[in-house]
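Below, each chain spelled out in residue letters.
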Amino acid sequence: MLGKLATYLRMCGYDAAYVLDRGIEGDEELRAAASEENRILLTRDRSLADRTAAEPNGETPPGSVLLVEREVTDQLRELRDAGFDLSISDPPARCGRCNGRLETPASDASRPEYVPDQDPVWRCRDCGQWFWKGSHWADVEARLADVRTG
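The rules behind these values
Residues numbered from 1 in each chain as written. Predicted model: local features only at pLDDT ≥ 70, side-chain atom pairs only at ≥ 80, totals over all residues. Heavy atoms only, no water. Disulfide = S-S within 2.5 Å. Buried < 20%, exposed > 50% of the residue type's maximum accessible area, 1.4 Å probe, protein only. Salt bridge = Lys/Arg side-chain N within 4 Å of Asp/Glu carboxyl O. Helix = DSSP H or I, 4+ residues; strand = E, 2+ residues; numbered from the N terminus. Contact = heavy atoms within 4.5 Å. Pairing = 2+ DSSP bridges.

## Focus: the state of the cysteines
Phase 1: Taken as a whole and judged by the stated rule, the model has zero disulfides.
Phase 2: Here Cys-12 is not cross-linked by a disulfide; its sulfur's nearest cysteine counterpart is in Cys-95, at 15 Å.
Phase 3: Accessibility expressed as a relative area gives 11% for Cys-12, which makes it buried.

So this is what it looks like as structure tokens:
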């Protein structure tokens, strides 16, 4: 239910795992994965958030953030209010599709046809998706700036 939010967080440089990408559906399996990977669980499920609250002694799991809003811009505002830095990562560090790390390909690397003849470009180490600063980058940057100031 937070897939679009995960994409924004990845563009901010966060290592944002999305459980449906991993086939995780059950609450306990989700809580176990968050704990094992030392992740903060973002959820719209109040019961799940309550059961995943950080322990008073600071032990894992690191806790959860309950999001009540449905629209991604409103969810980003909730994360801003919870202390998340919502600045776009420049250069980008994470793949918006799979969360893999991005790298700068060699200058002589063969580019797919859809990649513009511009630099810089980046490629995901895991899924091979290519990225560049185009209109989508500018749109996300503007939306995040609006969230940070409004």
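## Some remarks on the pattern of salt bridges
Phase 1: Inspection of every chain in the model, using the stated rule, returns 15 salt bridges.
Phase 2: Here Asp-15 and Arg-39 are joined by a salt bridge, their closest N and O atoms 3.2 Å apart. With Asp-15 in the loop between α1 (3–11) and α2 (19–22) and Arg-39 in the loop between α3 (27–36) and β1 (41–43), this residue pair connects regions lying 24 residues apart in the sequence.
Phase 3: Asp-15 sits in the partly exposed class, given a relative accessible area of 37%.
Phase 4: Asp-146 serves as the salt-bridge partner of Arg-77, at 3.4 Å between the closest nitrogen and oxygen. Here Arg-77, found in helix α5 (residues 72–81), pairs with Asp-146, found in helix α6 (residues 135–149); they are 69 residues apart in sequence, far enough to count as distant.
Phase 5: Residue classification places Arg-77 among the partly exposed residues on the basis of a relative accessible area of 23%.
Phase 6: Asp-146 gets classed as partly exposed once you look at its relative accessible area, which sits at 41%.
Phase 7: Overlapping salt bridges bring together Asp-15, Arg-22, Glu-37, Arg-39 and Arg-94 as one network.

## Some thoughts on the environment of Leu-79
Phase 1: Turning to its location among the elements, Leu-79 is positioned in helix α5.
Phase 2: Put simply, Leu-79 and Asp-139 are 60 residues apart on the chain and 19 Å apart in space, counted from C-alpha to C-alpha.
Phase 3: In contact with Leu-79, other than residues within four places in its own chain, are Leu-5, Leu-9, Leu-42, Val-65, Leu-67 and Phe-84.

## What to know about the sheet that holds strand β5 (residues 130–132)
Phase 1: Judged by pairing direction, the sheet is antiparallel, and its three strands sit side by side in the order β3-β4-β5 without closing on themselves. Edge positions in the sheet fall to β3 (102–103) and β5, since each of these pairs with one other strand and no more.
Phase 2: Bridge analysis of β3 against strand β4 (residues 121–124) gives two bridges, and the strand direction is antiparallel. Within β4, the residue paired with Leu-102 across the bridge is Cys-124.

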